[in-house]
Amino acid sequence: MTSLTVVAGSYALLGATVSRDSPVVSKLRDAGAVILGKATMGEWAQCRSRQASSSHGWSAYGGQVYGAYYPHQDPSGSSSGSAVAVSVGLALGSLATETSGSIVLPGERSNIVGIKPTLGLTSRNMVIPISLRQDSVGPMARTVKDAAYMLSAFAGKDKYDNWTLAQPFEKAPDYAKACTFSGLKGARVGVPRNGIDYYLDESTAPVMAAFEEALQIIISAGASVVDKANFANFDPPAFHGNSSIVLDTDFVAGLTEYLSQLVQNPNNIHNLYDVSQYTKSDPREEYPNRDTYVWDRQSTRNITNASPESWQAYQVNLHMAEEMGVLGALDRYNLDALVMPTFTSFHLPAIAGLPVITVPLGFYPTGTATTMNKKGTMVQVGPGVPFGLAFVGRRWSEETLISLAYAFEQRTLVRKRMKPFVSPSFELGHRSRPAMGDLDAHRAQHISMQETMAQPTIKPSTSRSSVRRWTRSWLGLVVGSF
């Protein structure tokens, strides 16, 4: 299929097309992947309505995505459909975009692995933007090794995205080679308690109990855990305020540039004003029940992303996220990575463009009281809802994070402990997955969607050739927020 149509979940772009695929999709095709389709996403990557007026995973065009582990479960994040599709086995893996949490949060709620790469490791060209200074495209998959194979396939420099030219290597590493059972041995990981405690409440007690157990598993695997490896300064109200300036000004500029590249644009959408006016006039967009609060705020700012005010907000946040935040903690305590509950992990890495990987950690226990989202339409917390463990590192440290995450994953196999509440009712089989490379057998029988922890058994050679062999032996991929 072609992926040249673009919607962002909005009827405003229905029928719009671009001239070519994004480089990340093209690279996956070149590696042998079959693109099955596009997943439903949070409309405009949740960059439209205030939280109480919106829902994670809702879009006018695609409808509502639900998580698969509890009836009417909130899937979290804007890359919701990408996560759920992988979780229930509709695809081997998916692409997703994170500005601030939109890979790792839906990843944890779908009991899968998500890698938010270093800003500049993967191209954002032809991807509908929020922020040039924060957006990162990464893989979602059921296992760490699957996500690593995907990342190797589409990472790398791209002449259309200058940020990728800062990569310290000419060719992306073969990240699957980092998947070793001994990956935690000799590692030093830190726990920034002040970056965790800020977000805790009574509903997070099961998460923290599982987190403390995870630390003991990490220690038993040969790693040193440095507790209270705190951030020098952790001030969420301050960095959220600056982030709103950075993201607002980036989105206005980035959206206009993206829309200028459309080959077909049936609704004549050229800027944020056009998007807002269309959204308010089309009843299918459910305005004002789902408001345009974010756009209204963005439209009233009298600055651009080139203005001194935007640059200053960005620099203040960088200092807080780097020297006073993640990088400072890593350096002061001589750490290889930080480890945190996923829901607490993404804020500072989003600002600084640092990598994060989330792996399954556990599930809310039976008897957990259900908590609804702010709109009152979905269950945010309830029995069986998954949560994750995140490893955070320095720029270009994906190999280290993948190694740590793989070693933890293989010791716990959390994903196998609970099946989704829902699963596909079509194209399901009961026979085992065909042998690697047995393409004819793969065509003759369907892959069981319940093989949650099956791992490719090939030995990687070069990253591109190993990925090609891997993708030929599995189902295809789902493209996310494009």
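Up top is the structure.
Rules behind the numbers
- Residues numbered from 1 in each chain as written.
- Predicted model: local features only at pLDDT ≥ 70, side-chain atom pairs only at ≥ 80, totals over all residues.
- Heavy atoms only, no water.
- Buried < 20%, exposed > 50% of the residue type's maximum accessible area, 1.4 Å probe, protein only.
- Helix = DSSP H or I, 4+ residues; strand = E, 2+ residues; numbered from the N terminus.
- Pairing = 2+ DSSP bridges.
- Polar contact = N/O pair within 3.5 Å; in protein donor to acceptor, adjacent residues only side chain to side chain.
- Contact = heavy atoms within 4.5 Å.
- Phe/Tyr/Trp six-rings, centres within 6.5 Å; stacked < 30°, edge-to-face > 60°.
- Lys NZ or Arg CZ within 6 Å of the ring centre and 35° of its normal.

Draft legend 1. Highlighting the pairing of strand β7 (residues 136–141). Counting buried positions along β7 gives six out of six residues, so the element sits mostly inside the fold. Bridge count for strand β5 (residues 93–98) against β7 is six bridges, and the pairing is antiparallel. Bridging from a neighbouring strand, Leu 95 pairs with Pro 139 of β7.

Draft legend 2. Inspection of the side chain of Thr 344 at higher detail. Among the secondary structure elements, Thr 344 is positioned in helix α12 (residues 342–345). By relative accessible area, Thr 344 is classed as buried at 3%. In terms of polar contacts, Thr 344 uses its side chain to reach the backbone carbonyl oxygen of Pro 341, at 2.8 Å. Aside from chain neighbours lying at most four places away, what touches Thr 344 is Gly 195, Ile 196 and Tyr 199.

Draft legend 3. Expanded view of the packing of aromatic side chains. Considering all chains together, one arrives at 11 aromatic pairs under this definition. Look at Tyr 11 and Tyr 61: their rings are 5.5 Å apart centre to centre, the planes differ by 80°, and that puts the pair in the edge-to-face class. Taken as a pair, Tyr 11 in the segment before β1 (17–18) and Tyr 61 in the loop between β3 (58–59) and β4 (63–64) lie far apart in primary sequence, 50 residues in all. Consider the rings of Phe 169 and Trp 396, whose centres lie 6.3 Å apart with planes at 80°: the pair is edge-to-face. Placement of the pair is Phe 169 in the loop between α4 (144–154) and β8 (188–191) and Trp 396 in the loop between β15 (386–392) and α14 (398–412), with a sequence separation of 227 residues. With relative accessibility at 22%, the residue Trp 396 sits in the partly exposed group. Seen from the ring of Tyr 314, Arg 133 lies directly overhead, with NZ or CZ sitting 4.9 Å from the centre. We note Arg 290 situated over the ring of Trp 58; from NZ or CZ to the ring centre the distance is 4.0 Å.

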